[in-house]
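# Report on the structure
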Amino acid sequence: MLTLTTTTIAAALASGALVGLLLGLFGGGGSVLATPLLLYVVGVRDPHVAIGTSAAAVAVSAALNLVGHARGGRVKWSCASVFAGAGLIGSILGSSLAKMVDGQRLLFFFALAMAAIALSMLRRPKSEGDPGVRINWRLTLKLAPMGVLTGLAAGFFGIGGGFLIVPGLMAATGMTLANASASSLVSVALFGSATSLNFAQSGLVDWPVAGLFILGGLVGGILGVRAAGRLASHALAARRLFAGLVLLVAAYVAWRAVAG
């Protein structure tokens, strides 16, 4: 595990604050920078440990951010619960598979996932959505399969999976982007918890670093949730700027993975 120095502690706190801010602002996709930050800023060397640690930190950050969005009335609990419950199975299977893949190869796959996340965030929603959507059997039958597949991807890559959850929720239910981003945090928290516990069973979570990351994420998350309400009218432009950043980081991660 990583030796904690003053520089390492500061890097972990700052990285956690950035991820917390992004989770609060965007919900889906906000956690994708956690693993690269742990590897290339904080200094975690093992890709598996970075993924397991980021999953633990992101799960807690998502849960904390969820509280703020819930108070704001933006979470569609019934739809979010069906999606998350179905996806829990997938996240356990995905994280078990990830532990069997070579670390550098896993990072290359992770870079591809980051690029997919960025491209998904560049798309404009087809409609504004229905803020009054309610769960029914038809929606349940659409949400559950999407949840399983999303959980599988989230577990394999050690990310919250929000980049798939947000469009999945919008496509299956017709809810608004704001509701989908807030509701996605239910799944992000649950998938991250399942993934981190699975990795922890193999000793692949650095808990002191995760604790620092979470502490930083708490501060960043509070700022992000507050900013989300103020930036609601510019949400699409902000997501596109963030998507551009993710594409750049994805290219760097892929280069590092290929270079070994």
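Our structure is the block above this text.
Now for a look at the structure at hand. (Residues numbered from 1 in each chain as written. Predicted model: local features only at pLDDT ≥ 70, side-chain atom pairs only at ≥ 80, totals over all residues. Heavy atoms only, no water.)

## Notes on the overall build of the protein chain
The condition is simple: Helix and strand definitions here come from DSSP, where helices need a minimum of 4 consecutive H or I residues and strands a minimum of 2 consecutive E residues; each element is numbered from the N-terminal end.
Secondary structure summary: the protein chain contains 10 helices and 0 strands in total. What you see in the protein chain, going N to C, is helices and strands ordered as α-α-α-α-α-α-α-α-α-α.

## Concerning the packing of aromatic side chains
Selection criterion: Note on aromatic pairs: the rings of Phe, Tyr and Trp (six-membered ring only in Trp) are paired at centre separations within 6.5 Å, and the planes decide the class, stacked below 30 degrees, edge-to-face beyond 60, tilted for the rest. With a 1.4 Å probe rolled over the protein chains alone, any residue whose accessible area is under 20% of its type maximum counts as buried; one over 50% counts as exposed, and the rest are partly exposed.
Applying the stated rule across the entire model yields 3 aromatic pairs. Between Tyr40 and Tyr252, the ring centres sit 5.2 Å apart and the planes meet at 85°, which makes this aromatic pair edge-to-face. Of this pair, Tyr40 sits in helix α2 (residues 34–42) while Tyr252 is found in helix α10 (residues 235–259), placing the two residues 212 residues apart along the sequence. Look at Tyr40 and you get partly exposed, because its relative accessible area is 25%.

## Overview of α2
The buried fraction of α2 is high, at 7 of 9 residues. If you check which residues of α2 are buried, you get Ala34, Thr35, Pro36, Leu37, Leu38, Leu39 and Val42. Phi for Gly43, located one or two positions after α2, is positive at around 110°.

## Structural notes on the environment of Ala178
Following the sequence through the fold, Ala178 ends up in helix α8 (residues 177–200). Each C-alpha atom of the pair Ala178 and His69 lies 9.7 Å from the other, and the pair is 109 residues apart in sequence.

## Thoughts on the environment of Ile159
As for its placement among the helices and strands, Ile159 is situated in the loop between α6 (137–157) and α7 (162–173). For Ile159, a relative accessible area of 5% gives the class buried.

## Topic: a nonpolar patch on the surface
Keep this limit in mind: Patch membership is restricted to residues that have no salt bridge and whose relative accessible area is over 30%. Joining uses 9 Å for like charges and 5 Å for the nonpolar side chains Val, Leu, Ile, Met, Phe, Trp and Tyr. To be clear on the numbers: accessible area is Shrake-Rupley with a 1.4 Å probe, and residue cover counts the displayed protein chains and nothing else. Salt bridges are identified by distance alone: a Lys or Arg side-chain nitrogen within 4 Å of an Asp or Glu carboxyl oxygen.
A surface patch of nonpolar side chains, about 560 Å² in accessible area, is lined by Val60, Leu64, Leu215, Leu218, Val219, Ile222 and Leu223. According to the relative accessible area criterion, Leu64 is partly exposed, its value standing at 37%.

## Looking at the side chain of Ser15
For the record, the criterion: N or O atoms closer than or at 3.5 Å make up a polar contact, with two conditions inside protein: a donor-capable atom paired with an acceptor-capable one, and, for residues adjacent in sequence, both atoms drawn from side chains. What makes two residues a contact is simply this: any of their non-hydrogen atoms within 4.5 Å.
By the element assignment, Ser15 lies in helix α1 (residues 6–26). Engagement of the side chain of Ser15 in a polar contact is seen with the backbone oxygen of Ala11, the distance being 2.8 Å. Residues contacting Ser15, with those up to four places away along its chain left out, are Leu37, Val41, Val42 and Phe213.

## Side note on the environment of Gly216
Within the element layout of this structure, Gly216 appears in helix α9 (residues 207–230). Between the C-alpha atom of Gly216 and that of Ala57, which follows or precedes it by 159 residues, the distance is 9.8 Å. Sequence-distant contacts of Gly216, defined by excluding residues within four places in its chain, comprise Leu13, Gly16 and Ala17.

## Description of the packing of α2 against helix α3 (residues 47–71)
Put simply, the rule is: An axis is simply a line fitted to the C-alpha atoms; with a helix, the fit covers only the stretch in contact. Between two such axes, the angle follows the N-to-C directions and lies from 0 to 180 degrees. What sets the label is the angle itself: under 35 degrees gives roughly parallel, over 145 gives roughly antiparallel, 65 to 115 gives roughly perpendicular, and the rest give oblique. Here a crossing is taken to be left-handed if its near helix is turned anticlockwise relative to the far helix by less than a right angle, and right-handed if that turn runs clockwise. Under the convention adopted here, Pro, Cys and the residues Ala, Val, Leu, Ile, Met, Phe, Trp and Tyr are nonpolar, Asp, Glu, Lys and Arg are charged, and Gly plus all remaining residues are polar.
One can describe the packing of α2 onto α3 by two numbers: an axis separation of 8 Å at closest approach and a directional angle of 130°. It follows from the interaxial angle that α2 and α3 lie oblique. The way α2 lies across α3 gives a crossing that is right-handed. Seen from α2, the contacting residues are Ala34, Thr35, Leu38 and Leu39; seen from α3, they are Pro47, Ala50, Ile51, Thr53, Ser54 and Val58. Among the residues making up the contact of α2 with α3, the classes are represented as 7 nonpolar, 3 polar and no charged.

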